[in-house]
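# An overview of the molecular structure
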Amino acid sequence: MNITGLQLRGALIEAARDALAAPSVFNTQPWIWRTSTESLQLFADEHRRLATDPDGRQLMISCGCALHHACVALSANGLIPDVQRRRAETINGPLAVVTVREAAAHDTQLNLYRAMARRRTDRRAFTAEPVSSATVSTLIAAAEQHGAHLQPLTADHLTVLRQVAGEAAVRQATEPAYQEELLRWTNRPAEAGDGVPAVTAVTASERRVPVRDFTYFSSGYSAGPEHDVGAVYGLLFTDADTLTDRLRAGEALSAVLLTATAAGLGSSPFSDVIEFPDLRAKLLRLISGPGQPQILVRVGHPPPGRPAQSPRRPAAQMLDPP
Ligand SMILES: Cc1cc2nc3c(=O)[nH]c(=O)nc-3n(C[C@H](O)[C@H](O)[C@H](O)COP(=O)(O)O)c2cc1C
């Protein structure tokens, strides 16, 4: 290997910094990277786990997104990441260890890397222009490459999803723990660099499938004149439901979102329908074979303009040593 230990450490730290762009539930950015001259170790930041995420599913998926972002950054830098995922029963200890080998940067990885800076959760309604079946196949392949599955939902499935999302919204509106959490994460001080600020939230409106309402304790912008007619809704699921499966679901989610961004599409994950066990059980029936629902995505052609960028914490806060 021609690269020196010092250069390697620099590349690993740079990848961990780049991973800050990853999506995370409520923009909690719940991960920590321990860096050395040989590896990156990914840890979950337990203090950033949501009270309404008792089994840590959203936390692990968020960590998986950061892991995938770091690997894309390394690949774009001409390094092949080798990821060892810990088969963990608890979230304590390293979730994954990333080491690298040298190689040439591949075009696909460069495209995904460029997409990392452009991707934003777009909560506006997408246009009537359909997402091509070739693009849908690429999104499915992106999920498969990371050990998860993406099932595009049919019109019948969407009827179920719409009903389940409506039920989730009713429960959220009346659950004190959820409301408390929403109040906290939608009213973060600017210097915190996290949370879901009003500039990125949309006000509630009639939608094909309701999106999570972040505007109870803040404002938001209009979802726009479109109706998501051409949007594809996909259910991301895994074969089993261990912590490692959830981490992989996060890696797959990141791959799907970046692939969509690279194709010029808008996207947004949504997880409120997964957070209630009985509602999640209803989604089980949408999967054609056995599988464990992890998260949903909406992908489509966005209307003109771009949604505002979400804040990020200073990288030093999630690097050990800073
Ligand atoms: C595990 C997970 C769950 C999420 N759930 C939702 C959701 O239910 N509704 C939503 O609008 N966005 C959801 N998001 C998107 C985050 O809110 C978003 O990534 C975060 O606010 C940062 O914004 P960005 O994606 O534009 O960088 C989720 C993201 C992740 C990784």
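Note that the structure is predicted; figures quoted are calculated from it, not measured. (Residues numbered from 1 in each chain as written. Predicted model: local features only at pLDDT ≥ 70, side-chain atom pairs only at ≥ 80, totals over all residues. Heavy atoms only, no water.)

## Considerations on the domain arrangement of the protein chain
The criterion, for reference: Residue ranges labeled as domains rest on an automatic or database domain assignment. In what follows, a contact means two residues having at least one pair of non-hydrogen atoms within 4.5 Å. Here the quantity called buried area is the total loss of accessible area, with a 1.4 Å probe, experienced by two parts when brought into contact, counted for both. By definition, a salt bridge exists where a carboxyl oxygen of Asp or Glu is found within 4 Å of a side-chain nitrogen of Lys or Arg. Throughout this description, a polar contact denotes any pair of N or O atoms lying within 3.5 Å of each other; where both atoms belong to protein, one of them has to be capable of donating a hydrogen while the other can accept it, and for residues adjacent in sequence the pair is counted only when both atoms sit in side chains. Note on conventions: DSSP H or I runs of at least 4 residues are helices, E runs of at least 2 residues are strands, and numbering of each starts at the N terminus. When residue character is reported, Ala, Val, Leu, Ile, Met, Phe, Trp, Tyr, Cys and Pro are called nonpolar, Asp, Glu, Lys and Arg charged, and the others, Gly included, polar.
For the protein chain, the assigned domains read domain 1 (5–120 + 311–320) and domain 2 (133–300). Each of domain 1 and domain 2 has a C-alpha centre, and the two are 21 Å apart. Facing the 43 residues of domain 1 at the interface are 41 residues of domain 2. For the pair domain 1 and domain 2, the summed buried area comes to about 3,300 Å², and 63% of that belongs to carbon and sulfur atoms. For the pair domain 1 and domain 2, the interface holds four salt bridges. Arg 246 is paired through a salt bridge with Asp 55; the nearest N and O atoms lie 3.6 Å apart. Linking domain 1 with domain 2 are 15 residue pairs in polar contact (both at pLDDT 80 or more). Of all elements in the fold, only helix 2 (57–76) and helix 3 (107–118) reach the threshold of two or more residues within the side of domain 1 that touches domain 2. The greatest single-element share of the side of domain 1 that touches domain 2, amounting to eleven residues, is contributed by helix 2. Classifying every residue of the side of domain 1 that touches domain 2 gives 20 nonpolar, eleven polar and twelve charged.

## Notes on the environment of Gln 309
Its place among the elements puts Gln 309 in the loop between strand 8 (292–300) and strand 9 (319–320). Separated by 189 residues in the primary sequence, Gln 309 and Arg 120 place their C-alpha atoms 6.5 Å from one another. If near-sequence neighbours (up to four positions away) are discounted, Gln 309 is found in contact with Arg 120 and Thr 200.

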